[in-house]
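Remarks on the overall topology
Here's the letter readout for the chains.
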Amino acid sequence: MELLKKMKTTKEAKPVANKIKIGHVHLSGCTGDLVSIADNYLGFIKILDDYADLVYGLTLVDVRHIPEMDVALVEGSVCIEDRESVEEIRETRKKSKMVVALGSCACYGNITRFCRGGQHNQPQHESFLPIGDLIDVDVYIPGCPPSPELIRNVTIMAYLLLQGNEDQKVLADKYLKPLMALAKRGTTGSFGDLMYDVINQGLCIACGICAASCPVRAITLEFGKPQGQRDLCIKCGSCYGACPRSFFNFDVIPEFEAISELIADVLK
Ligand code: SF4
Ligand code: SF4
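Residues numbered from 1 in each chain as written. Chains lettered and ligands numbered in written order. Predicted model: local features only at pLDDT ≥ 70, side-chain atom pairs only at ≥ 80, totals over all residues. Heavy atoms only, no water.

1. Concerning the site of ligand 1
- All residues adjacent to ligand 1 are S190, F191, C214, P215, V216, I219, C233, I234, C236, G237, S238 and C239.
- Looking at the shell around ligand 1 residue by residue, the class counts come to nine nonpolar, three polar and no charged. (Near = heavy atom within 4 Å. Nonpolar A, V, L, I, M, F, W, Y, C, P; charged D, E, K, R; others polar.)

2. Examining the packing of helix α6 (residues 148–163) against helix α7 (residues 166–185)
- With their axes 8 Å apart at the nearest point, α6 and α7 run at an angle of 140 degrees to one another. When the axis of α6 is compared with that of α7, the two are oblique. In this structure, α6 crosses over α7, and the sense of that crossing is left-handed. Only Q168, K169, L171, A172, D173, Y175, L176 and L179 of α7 make contact with α6, whose side of the interface consists of L150, N153, V154, M157, L160, L161 and L162.
- Of the residues that constitute the contact of α6 with α7, the class distribution is eleven nonpolar, two polar and two charged. (Axes fitted to C-alpha atoms, helices over the stretch in contact; angles between N-to-C directions. Helix = DSSP H or I, 4+ residues; strand = E, 2+ residues; numbered from the N terminus. Parallel < 35°, antiparallel > 145°, perpendicular 65-115°, else oblique. Left-handed = near helix turned anticlockwise from the far one by under 90°. Contact = heavy atoms within 4.5 Å.)

3. Some details on the pairing of strand β8 (residues 219–222)
- Sheet topology places β8 next to strand β9 (residues 225–228); four bridges connect them, and they run antiparallel. Pairing of L221 across the sheet is with P226, part of β9. (Pairing = 2+ DSSP bridges.)

4. As for the environment of G186
- Within the secondary structure, G186 sits in the loop between α7 and α8 (191–199).
- Put simply, G186 and N153 are 33 residues apart on the chain and 23 Å apart in space, counted from C-alpha to C-alpha.
- Every residue in contact with G186, bar those within four places of it in the chain, is listed here: Y108 and Y140.

Given below as structure tokens:
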């Protein structure tokens, strides 16, 4: 509760002039991640009212070239046979303070890992890479699609990191730490990662969160052990990200109640 008191911000304490600039960069994605942003409903409008200007995003904003951004939310992987996509992701890195891989295609390639080319009318478009294979990425938001709440929380924490007081910066840094660690960990995501890095390491506690988080129901728990159907797995990495034995943020989880109240307060 002490933390909440310290973090509490009033409308007057965050004048509109301090808004951060965010953008949505659309590469080889399906726009589902953008729908997830919009699925914050009035929370999204509130963020745009008080905390962030949407300065780029071809679906919503009539700006044709990538501007300077505080936070770039990048959706989709990169087709490396498409010169414009490769230039776009490089340009995004150059012009953004924080690059966020939004959704599993940007983080891990996801379904585009299965692309093999040979289709009309660009049969040469056959190789798709997660953005972390081309540029440095600061934060991952995995999920196919990622949850609206996680996108909302990351946007609020990015605001606090860039515009908050010292206490807020410390909190935002702690909150974002595991998502930054995911970005450092690599660009592969599949049931195999869960198998190698959690289950085979003897870390699994049979909580079933991996099965609940799998969008294609490729995981079942049998005799207390997760079993993956690899021919169903779309390589989204959600199970590894959601597993409490992959990253458990001891700095933040005990403050869960205070952080939830802070976020609710921010969205009032
Ligand atoms: S098992 Fe499911 S959650 Fe895990 S990577 Fe595959 S599709 Fe994603
Ligand atoms: S989420 Fe992690 S700890 Fe829980 S059952 Fe799956 S592998 Fe085990």
